[in-house]
Amino acid sequence: MTNKKKTALKTTDGVSGSEMINPSYISKFKSKRTKTLNTDKLVKGILNQKISELSRAITLIESTNQQHQQQANDILKQCLPHANNSIRIGITGVPGVGKSTFIEAFGEHLTSKGKRVAVLAIDPSSSISKGSILGDKTRMETLVKNNNAYIRPSASGDSLGGVARKTRETIILCEAAGFDIILIETVGVGQSETAVHGMVDFFLLLKLANAGDELQGIKRGIIEMADAIAINKADGDNQKAAKLAKVEFNRALHLYPKKSSGWTPKVSLCSALKNEGIDAIWELVLEYISLTRSSAYFNKKRIEQNKFWLIQTIENRLKSDFFSRTEIKKELENQLTLVEKNKTTPFAAAEFILRLNKSL
Ligand code: GDP
């Protein structure tokens, strides 16, 4: 800390430099700062589209501190009536397919049309390996400087369920802060794309030409979830292969049952790098939204998603409460040893622990 800064702090808080580095002062200072994060002020800031307040509220959502969680719930409750007005788009694809390049181009396109865009990410790897495949702000260098865009890296957590909950709540805050389009990015190699599919209106799968499905690590289920497939990197020498891939994917899509939305998934070509075909993908989204709004499917799907998340939240909470009980943890260790030594069956062990839980 420079002397200049120390003096500035001294005049504001009336303390000396040595007092400032004293731990009790630091904690006093911190608690003062926490108190200033007043719920009403935060809500007001969010509704006034203030990014700093929005970010602070998201940090509360992500916090494991109970007081913060309570405050986050209060904020969410007040923001809820102002939410729900955006188009939520999920974007998935294997690492290297061009997700961040695409989001950069797509985001710029949308903001040039006067839209405000929030980019969120679900990155299960960050919770498991503590390293992140996604969600790094530096990946979208232009968009991050755009005043009409907000990029929030993936929340961390010890389970996908936890990360997904935080992202869903973050969507509500972003909508209350007036974002028209919420882009939710994830890697299409695990369970996370199912979680994202369950929280968006439109699901976009990015693919590459010249790569078999095994190579791309894409499961059949993901293709089934897609409302559109965009074959990216359709530029240079790759154009011919991309056109062929389009025919192949169109053929493959016809093998899937008709969607309850009444929408027929489309295949598009694009080059995120050269900014080609990006507008056509936005037109597809608009076409989908118009069709599903006129059939009332749009709202029905959101209601179904909310009901699903209610059940999911209960399941997650019950599970985490159960496994965090001291007695359960202890007995689980015992029973795991017994299973290991072949002295009991997994089912009998589970029954024993569940009975114990009931008796507690
Ligand atoms: P992500 O891992 O899915 O987010 O992929 P990135 O957006 O980081 O892109 C991976 C690499 O592919 C980078 O070197 C990009 O420059 C390149 N790339 C992305 N989109 C295109 C495209 O449309 N055409 C070409 N030729 N390269 C692209």
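Residues numbered from 1 in each chain as written. Predicted model: local features only at pLDDT ≥ 70, side-chain atom pairs only at ≥ 80, totals over all residues. Heavy atoms only, no water.

Chemist: In this structure, what is going on with the pattern of salt bridges? I would like to understand it.
Modeler: Side chains that differ in sign of charge can pair as their charged atoms come close. All told, the structure shown has eight salt bridges when counted by the stated rule. Among the salt bridges present, the one from E248 reaches R251, with a minimum N-O distance of 3.3 Å. With E248 and R251 both in helix α13 (residues 239-253) and three residues apart, this pair spans about one turn of that helix. For E248, a relative accessible area of 44% corresponds to the partly exposed category. (Salt bridge = Lys/Arg side-chain N within 4 Å of Asp/Glu carboxyl O. Helix = DSSP H or I, 4+ residues; strand = E, 2+ residues; numbered from the N terminus. Buried < 20%, exposed > 50% of the residue type's maximum accessible area, 1.4 Å probe, protein only.)

Chemist: Is there a simple way to explain the sheet that holds strand β5 (residues 202-208) in this structure?
Modeler: Two modes of strand pairing occur in sheets, parallel and antiparallel, and in both the strands are linked by backbone hydrogen bonds. Across the sheet, seven strands lie side by side as β3-β2-β4-β1-β5-β6-β7; this open sheet has parallel pairing. The two strands at the open ends of the sheet, each matched to only one other strand, are β3 (149-151) and β7 (266-269). Taking each pair of neighbouring strands and ignoring which way they run, the sheet shows an average axis angle of 20°. One ladder, built from seven bridges, connects strand β1 (residues 87-93) with strand β4 (residues 181-187); its direction is parallel. Its bridge partner being in β4, G93 is matched across the sheet by V187. Where helix α9 (residues 160-176) meets the sheet, its contacts fall on β1, β2 (117-122), β3 and β4, and the angle it forms with β2 comes to roughly 175°. (Pairing = 2+ DSSP bridges. Axes fitted to C-alpha atoms, helices over the stretch in contact; angles between N-to-C directions. Contact = heavy atoms within 4.5 Å.)

Chemist: What's the story with empty space enclosed by the protein in this structure? I'm lost.
Modeler: Once rolled over the atoms, a probe with the size of a water molecule shows which space is left empty. Evaluation of the coordinates by the stated rule reveals two cavities of 30 Å³ or more. By volume, the largest cavity is sized at about 60 Å³. If you trace the largest cavity, you find it lined by I58, E62, L120, A121, R152, P153, S154, A155, T167 and T170. Taken together, the residues of the lining of the largest cavity break down into five nonpolar, three polar and two charged. (1 Å grid on protein atoms, 1.4 Å probe; cavity = no way out; pocket = protein on both sides within 12 Å on 5 of 7 lines; lining within 4 Å. Points joined across faces, edges and corners; volume = space filled by probe spheres on them. Nonpolar A, V, L, I, M, F, W, Y, C, P; charged D, E, K, R; others polar.)

Chemist: When you look at the nonpolar core in this model, what are you seeing that I'm missing?
Modeler: In summary, soluble globular proteins display a tendency toward joint burial of nonpolar side chains. Judged by nonpolar contacts, the single largest core of 50 residues is most densely connected at I75, L173, I184 and I229. Looking at this core element by element, the count peaks at seven residues for α9. Each of domain 1 (36-77) and domain 2 (83-295) gives at least three residues to this core. I75 has contacts with T39, L42, V43, I46, A57, L60 and L173, leaving out every residue within four places of it along the chain. In this structure, I89, F106, L206 and C270 belong to the second largest nonpolar core, which totals 35 residues. (Core = buried A, V, L, I, M, F, W, Y, C linked by side-chain atoms within 4.5 Å. Domains from an automatic or database assignment.)

Chemist: Would you take a moment to explain the packing of aromatic side chains for this structure?
Modeler: When we look at a pair of aromatic rings, we describe it by the centre distance and by the angle of the planes. Applying the stated criterion across every chain yields a total of seven aromatic pairs. Judged by centre distance (5.1 Å) and plane angle (90°), the rings of F322 and F323 are edge-to-face. When the ring centre of W263 is taken as reference, the NZ or CZ atom of K266 above it lies at 3.9 Å. Positioned above the aromatic ring of F298, the side-chain terminus of R293 is 4.4 Å from the ring centre. (Phe/Tyr/Trp six-rings, centres within 6.5 Å; stacked < 30°, edge-to-face > 60°. Lys NZ or Arg CZ within 6 Å of the ring centre and 35° of its normal.)

Chemist: Explain the pairing of β4 to me, please; I cannot follow it from the model alone.
Modeler: On a regular strand, each side chain points to the face opposite its neighbour's, so the side chains alternate between the two faces of the sheet. With seven of its seven residues buried, β4 lies for the most part within the structure. Judged by which residues are buried, β4 turns out to be covered on both faces: I181, L183, E185 and V187 on one side and I182, I184 and T186 on the other are all buried. Inspection of the sheet shows β2 paired to β4 by six bridges, in the parallel sense. Each residue of the ladder has a partner; that of V119, found in β4, is L183.

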